[in-house]
Structure formats: C-alpha cells, structure tokens
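The primary structure of each chain is shown beneath.
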Amino acid sequence: MTAGLASPSQGGAGRPRPWVLLAPALLFLLVFFIYPMADMLLRSLDGQGQGYTLEHYARLASEPVWLKIISITFQISLLTTLCTLLLGYPLAYLLSALRPRMAGLLMILVIIPYFTSILVRTYAWMVLLGTDGIVNRLLIDLGLIDSPLALMYNRFAVLLGMSYVLLPYMVLALYSVMRGIDSSLLRAAHSLGASRLSAFLRIFLPLTFPGIAAGGLIVFIMSLGFFVTPALMGSDLDTMISMVIQQQVETYFDWSFASSLAAVLLALTLIAFFVYERVVGMEHLFRAKQ
Amino acid sequence: MQEVQSSDRPASAGAATARAPIGAGLSLSQVNKYYGKSAAVQDVSLDIEPGEFVTLLGASGSGKTTTLMMIAGFTDPSSGEIRIDGKSVNGLPASRRNLGVVFQNYSLFPHLTVRQNIAFPLEMRKIGRAERERLVRDALDMVHLPDKGDSYPRQLSGGQQQRVALARALVFGPRVLLMDEPLGALDKKLREHMQMEIKRIHNELGATVVYVTHDQEEALTMSNRIAVMQGGRIVQIGRPADLYERPANRWVADFIGQSNFVETRVLSRPDDNAPTTVGLPDGSTATVRGAPTLASGAAATLVLRPEKLRLRNADASHAGTNRLVGAVQEVVYLGHATRSLVRLPDGTTIQVQEANRTGSGQHAPGQAVSVHWAYEDGWLLAGDDGARS
C-alpha cells in the first residue's frame, strides 16, 4: 500500500514498513537480551520453591562487604572517568585543531588498540609493571630506585589499565563535539578582547560540555561492569561488582544472589543514564552548532 | 588603554573640528601574504582616514578577507606593515588591538544570551557591573532590540542575529569596525534595510569602518571609498562615483555595474582635456573622455554604460553625435526601465537601458536603430589591458 502516494523522503514506492525492517533486530534482542534479563531478575527473587522473596537483596544490604564493593565499584568508575577526561581532553583538542587528514590518521592510532583483545592488552601492562617488569628494571638500572616499586596489584594499576582501555571512547566523544565548534567563535572572542585562557574557559570549554557528558557517561557505565582489568591488575581492595558476581556463580553456584548483585549493577547503570538525561537535557541549550 | 563610549557621542566622521572623532586612522603599507608559494595578498597599500567607511570589494579569492583578517590580527602579514593611528600593530594579538569585528556567520556565542554576548567584551575589559549593564542596554537600543536581551542567539532571526553581532562589536567603543560580508546570509530586502542601519550607526558613532563584500551594489551604496581587489591586489581605489564613471580597467568596468565594450582605435588626441576622437568598428568616428596616455593609433576599448545610451530610429538623421547603428534583437521590460539588446553589423551586441517615461519610444525586435551617447558618457580604456577576465 506504500506505492503511489509515498513521498520522496520516504524513499519511494515498494519500501517495506518500518516494523518489517525492525523485526529481525527486535527478535534478536527479545531472545538474547530481554528474556535473559527478565530471567535474571526473576532469579534474584527466587525463593527456592517457596514463591518470590527479597531475602537476597536483604542479605546484600545487611552484609557490609557488599556495600563496600558497590562503593569501590563507584569509586573506581568515577576515578577512571576523571582520568580518561584529563588524558583525553588535551588529546581530543589537539586532534580537532589538526587538518582533517592528519586528524584522521592520528585517530586511527587512537583506535588501533581496539583491534587487540583486552586480555592481551592487560597482560602487556602486567609485563611492563610487574616487580621484575620493564619499568622497574629500567628505574633500577638508572639508579633512581633501589628496590622495585609496587606498580601492580593496587588501585594505581587498576586505574591505569582501565583508563588505557576506555580512553578512546572519551576521545571520540570529545573529538566529535570539538570538531563541530565553529573556530570563528574563538576568533570572535579574541577580537572582543579575550586572552587565550579566557576564550578557552568562557567559550570553548562550555561548548564541549555535551562531549564531556557523553564521554563521561560511556566511560563511567563501561567501568561499572569492568571485569578483566581489576581482576588481573588489582588487589582484594579493588574488587568490583562484576568480579563478585562471577565468584558467586563459579565458586558458590549461588545464582540467585549473583542475580541480585547483577540487578544492582543494572540499577546503577540506569541511574547513571537518568542523571545524564537530566543534565544533558538541560545542556541542549549549549549545543555548539546552531 | 581602551575608551568605552556611549552611543550618544556626536558623529563627526573624518571632521577635524569639534571633539576628536572616535574613529582611528588605519594604514597598510606594502602588505603581502603568502601561503606557501602562492600569494593571497600582494603589495597592498591603503590609507584610511579616521571615520571613513572603506569597502574592500572583490570576487572570492581576491584577497579581501585575508586583508581584513590581517588588520584584525588573526593572520600575520608575510611582509609589510599595518598601522592604527600611526602605531604599528604587527605582532600585536587580536585581543589587544581593540577593534570591533563582525563576522560573516555572526559568530555569536550559542551558549550565552544576547545580553551575555554583548557584555562579553566589557567583562574582558573588567568594566564594572553597573556600567556594563548601562552599555549593554544602550547597545541593544542602538540596534533596536531592547527586549531581546534574554533570548539565545538561535531564537533570533538572521537579521536580529546580525544586529546583535553589530551591538557586540560596538559596545566597547572600538575606534575601528571591521565587517566581513556581514549581510551575505540575509535576503535582499533585509540586506538593503541593514545597509541603511549600518550607515546610520556609522554616522552616529563615527568609527572607522572597513567593510568586505563581493556585492558591488552594496559597496556603491555604503562606502566613502571602495578598494577593488583582484588576484590579491588593489586594482583601483576611489569614491563610488570615481569607480563607476572612470574605471581603471576593463575588469573593474565589468565588475562594477554593467558595461558595453566597443573595440576602437584612437584617431587623434589634441591635448589632456580635449575630447579624444576614436574610430568605431563601422568606420564612423566618436568623441570620448579618458585614457590620456594613449597615443594616436593605439587600440582602445570604449566603455558605455547601458543607462547612459539612447535609442533612436535609424532613419532619423543625427549627424555630428556619437552613434552606433544596428538592429534591435531583444526587448526586456523591467518595470522601471526597458532593456534593449542591439546587434551591430559586426556581431557585437550593445545593451541599452532606458527609463520608462510616458512617451519614451518603444522599439520592436528587428527594427533598425541607432544608439547614441553624449561625449561625457563614453569612457576610453587602453585596448590591450591585461586585466580582462
């Protein structure tokens, strides 16, 4: 029925209805995403044959260790977000100031690590940072230190490893926003008497807020569910929520409690989205392009 | 270092009397700009009087915007010197030149309100809050937008954004205002209205204005003087009437207004002020002004403006006047005037534009006619000038 009256913007005659195009993806999500998620939520309420119960959540709330782990997860995620922002902002700024060709080339360098498994990259850091690793040996050979520094199995190592893995997301988010900022705005600011610093603080920085928000959200949410890096490079004090979920399933076969932990992780993620919605909803005033 | 003026300062463009005019003198001497090996601006020298409105007119790529950007301080000249009020500003950053700049796309800060946009240069100059508010209010009044202070730029129309950009560039009382195709994005009606507004503000404030445009009509309407640029050079500078009446070469004659070009040969040149006699393609002769350097026998191009020509029936005898004989090829009715295309025997066509008055003769296509012009209205150029494009 689409023939004849279809407007040109809809692509002309014979084009299938939207739901036909959406169906495969929806079906896939239903089977492999919605169903498992619903199953997980139900398991977290499983009363072992006696209907539904909140006892798993009660346990989660009553034993301090779990709240501690949620708090550690939050801390590590926030710090990782901050590190990627501090490292990524100048890098994205540099890229956005280059000519498109050069910027594209350097952007490939930023993205290349993606082509390697995260496991391989994490082991590479371990080779670098270990007690007998390259960094320690170099420092000892140079006579700067006498005994190896503890670079591994601590918070520093976790933040380093995670920031390294997540940096490209932050750079891409910032770069796309910075690229859209009209450079004549900065010229205008200079012509109106602004020094480089004032022009940056009053004009450029506020215009990159949407990029900071978007990059921050992506990095923060990905950090919340991080597993490999904190598991391999952290100590017991850096235990994150996904690690205890794995532990509950693999070691204790406690699917219900693991599910309740996973539900909390999901809730945290949704809260982060909600906060972003609220903030960036307001920030729509601050779009770089008119 | 900066003077902040209120908008009620008496206008005194270029006047040496009364209080000192707010406008600063501006001079460029032998300014060049190279990008790699290619020259964007070559050997540009220009002296602008305080309070003068000077337009850099040229096609895209003529170097007019580059010249403006060098005055603004966004680009450094490769060589040459730019002086404001006699002081060299080479190497001085844009932020310390104290010039108002209006950009082609307005460049309003999208995250700030109109009021905050206009207050920005005042904040950069650390002007107190009360004074700042008063100056912003005055500036908004000046551009007739007193109640748009709390809007964001994207909530305004193109013309309103343009006014805000103008207010922001003027609020701190700059002595020189630079404008880069400020009306390019507006439609014709609004553009003409804004031209008048800019002229009014220029007259009120008396700041020196350097205006860049590719629109020759805009340049003619607004400027005290026009510098026509081509290929990075100034090919001619003068008052609008000078450029229109006495173009320096064929390119300028073609770029400013419409022109007919007739190839001729100089027959006699008595002395500087007497008319020159030239031979026309059909063998007759005409007397014209211009080209005092041409020798007898030299090739020359005769420039005839369409609106200065008259059509008569060919059979009527008008011995002794300048004329070309041909046949009407096409007649176009324009409302205020009628444009006729006349084909000469050698194939060239001449455009004639006559005002539509009661009784003005209408000619039909195919009719044999003669095209007449007064001696003062024929302008002679060297024939083989290299600047034709």
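Given the structure is predicted, the values throughout are model-derived calculations rather than measurements.

## Observations concerning the overall build of chain A
For step 1, the next point in the chain: Along the backbone of chain A there are 13 helices and zero strands.
For step 2, the next point in the chain: Its helices and strands taken in sequence order, chain A reads α-α-α-α-α-α-α-α-α-α-α-α-α from the N to the C terminus.
For step 3, the next point in the chain: Taking 2.2 N^0.38 as the reference for a compact globule, 290 residues should give roughly 19 Å; the C-alpha atoms of chain A span a radius of gyration of 24 Å, well beyond that estimate.
For step 4, the next point in the chain: Taking the principal axes of its C-alpha atoms as reference, chain A extends roughly 75 × 65 × 35 Å.
For step 5, the next point in the chain: Scored against the burial criterion, the 290 residues of chain A give a buried share of 28%.
For step 6, the next point in the chain: Here the analysis covers contacts within chain A between residues at least 6 apart in sequence; of these, 72% occur between residues at least 24 apart.

## Remarks on the sheet that holds strand E9 (residues 225–230) of chain B
Pairing between the strands of a sheet is mediated by backbone hydrogen bonds and can be parallel or antiparallel.
Residue and element names in this part refer to chain B.
For step 1, the next point in the chain: In space, the six strands of this open sheet follow the order E6-E7-E8-E3-E9-E10, with mixed pairing throughout. In the strand order of this sheet, the two ends are held by strand E6 (100–102) and strand E10 (233–238), each with one partner. Across the sheet, the axes of successive neighbouring strands diverge by a mean angle of 15°, strand direction being ignored.
For step 2, the next point in the chain: Note that strand E3 (residues 53–57) and strand E8 (residues 208–213) share five bridges and pair parallel. Across the sheet, leucine 57 pairs through a bridge with threonine 213, a residue of E8.
For step 3, the next point in the chain: On the sheet, helix H4 (residues 158–170) packs against E6 and strand E7 (176–180) and is oriented at approximately 165° with respect to E6.

## With respect to helix H3 (residues 64–97) of chain A
For step 1, the next point in the chain: In a regular helix each residue adds 1.5 Å, so 34 residues correspond to 50 Å; H3 of chain A covers 49 Å between its end C-alpha atoms and thus fits that length.
For step 2, the next point in the chain: Each element contacted by the buried residues of H3 of chain A is listed here: helix H4 (100–111), helix H7 (155–179), helix H10 (209–224), helix H11 (228–233) and helix H12 (241–250) of chain A.

## Remarks on the packing of H7 of chain A against H10 of chain A
All names here are of chain A.
For step 1, the next point in the chain: Interaxial distance between H7 and H10 falls to 8 Å at its minimum, and their mutual angle equals 155°. For the element pair H7 / H10, the angle class is roughly antiparallel. Every pair of crossing elements has a handedness; the one defined by H7 and H10 is right-handed. Residues Met162, Leu166, Tyr169, Met170, Ala173, Leu174, Ser176, Val177 and Met178 of H7 form the contact with H10, whose participating residues are Pro210, Gly211, Ile212, Ala214, Gly215, Ile218, Val219, Met222 and Ser223.
For step 2, the next point in the chain: Tallied by class, residues from the contact of H7 with H10 come to 14 nonpolar, four polar and no charged.

## Section: the confidence of the model for chain B
Residues and elements named next belong to chain B.
For step 1, the next point in the chain: Of all residues in chain B, 89% attain a pLDDT of 70 or more, and the chain-wide mean is 87.
For step 2, the next point in the chain: Confidence drops under a pLDDT of 50 for residues 1–19, and excluding neighbours within four residues, the segment shows 39 contacts in the predicted structure.
For step 3, the next point in the chain: The low-confidence segment residues 385–389 (pLDDT under 50) makes nine contacts with residues lying over four places distant or belonging to another chain.
For step 4, the next point in the chain: Across the assembled chains, the prediction reports ipTM 0.79 with pTM 0.80.

## Concerning unusual backbone geometry
All names here are of chain B.
For step 1, the next point in the chain: In this model, glutamine 30 sits at a positive phi of 45°, which is unusual for a non-glycine residue.
For step 2, the next point in the chain: Residue placement: glutamine 30 occurs in strand E1 (residues 26–35).
For step 3, the next point in the chain: Here glutamine 30 falls in the exposed class, since 12 other C-beta atoms lie within 10 Å of it.
For step 4, the next point in the chain: Of note in the backbone geometry, serine 107 takes a positive phi value of approximately 50° without being a glycine.
For step 5, the next point in the chain: Tracing the backbone through its elements, the reader meets serine 107 in the loop between E6 and helix H2 (114–124).
For step 6, the next point in the chain: Look at serine 107 and you get buried, because 26 C-beta atoms sit within 10 Å.

## Observations concerning the packing of H2 of chain B against helix H3 (residues 129–142) of chain B
Residues and elements named next belong to chain B.
For step 1, the next point in the chain: As a packed pair, H2 and H3 sit with axes 10 Å apart at the nearest point and diverge in direction by 125°. It follows from the interaxial angle that H2 and H3 lie oblique. The interaxial crossing formed by H2 with H3 has right-handed handedness. Contact with H2, carried on its side by Arg115, Ile118, Ala119 and Leu122, involves Arg132, Leu135, Val136, Ala139 and Leu140 of H3 and no other residues of that element.
For step 2, the next point in the chain: For the contact of H2 with H3, the class distribution of residues is seven nonpolar, no polar and two charged.

## Description of the confidence of the model for chain A
Residues and elements named next belong to chain A.
For step 1, the next point in the chain: Confidence along chain A averages 87 in pLDDT terms, with 92% of residues attaining 70 or more.
For step 2, the next point in the chain: Here residues 1–11 is a poorly scored stretch, pLDDT under 50, and it has 10 contacts once near neighbours within four places are set aside; other chains count.
For step 3, the next point in the chain: Between residues 284–290, whose pLDDT stays under 50, and residues either more than four places distant or in other chains, the model counts 18 contacts.

## Considerations on the sheet that holds strand E18 (residues 349–355) of chain B
Residue and element names in this part refer to chain B.
For step 1, the next point in the chain: Strand order in the open sheet formed by five strands is E15-E19-E16-E17-E18, with antiparallel pairing between adjacent strands. The two strands at the open ends of the sheet, each matched to only one other strand, are strand E15 (310–313) and E18. Strand-to-strand twist across the sheet, computed as the mean angle between neighbouring axes with direction ignored, equals 45°.
For step 2, the next point in the chain: Inspection of the sheet shows strand E16 (residues 322–333) paired to strand E19 (residues 368–373) by six bridges, in the antiparallel sense. Note on E19: the bridge partner recorded for arginine 323 is histidine 372.

Cut-offs used in this document
Residues numbered from 1 in each chain as written. Chains lettered and ligands numbered in written order. Predicted model: local features only at pLDDT ≥ 70, side-chain atom pairs only at ≥ 80, totals over all residues. Helix = DSSP H or I, 4+ residues; strand = E, 2+ residues; numbered from the N terminus. Rg over C-alpha atoms; globule rule 2.2 N^0.38 Å. Buried ≥ 20, exposed ≤ 12 C-beta atoms within 10 Å, placed from the backbone. Contact = placed C-beta atoms within 7 Å. Pairing = 2+ DSSP bridges. Axes fitted to C-alpha atoms, helices over the stretch in contact; angles between N-to-C directions. Expected span 1.5 Å × (residues − 1). Parallel < 35°, antiparallel > 145°, perpendicular 65-115°, else oblique. Left-handed = near helix turned anticlockwise from the far one by under 90°. Nonpolar A, V, L, I, M, F, W, Y, C, P; charged D, E, K, R; others polar. pLDDT = per-residue confidence, 0-100.

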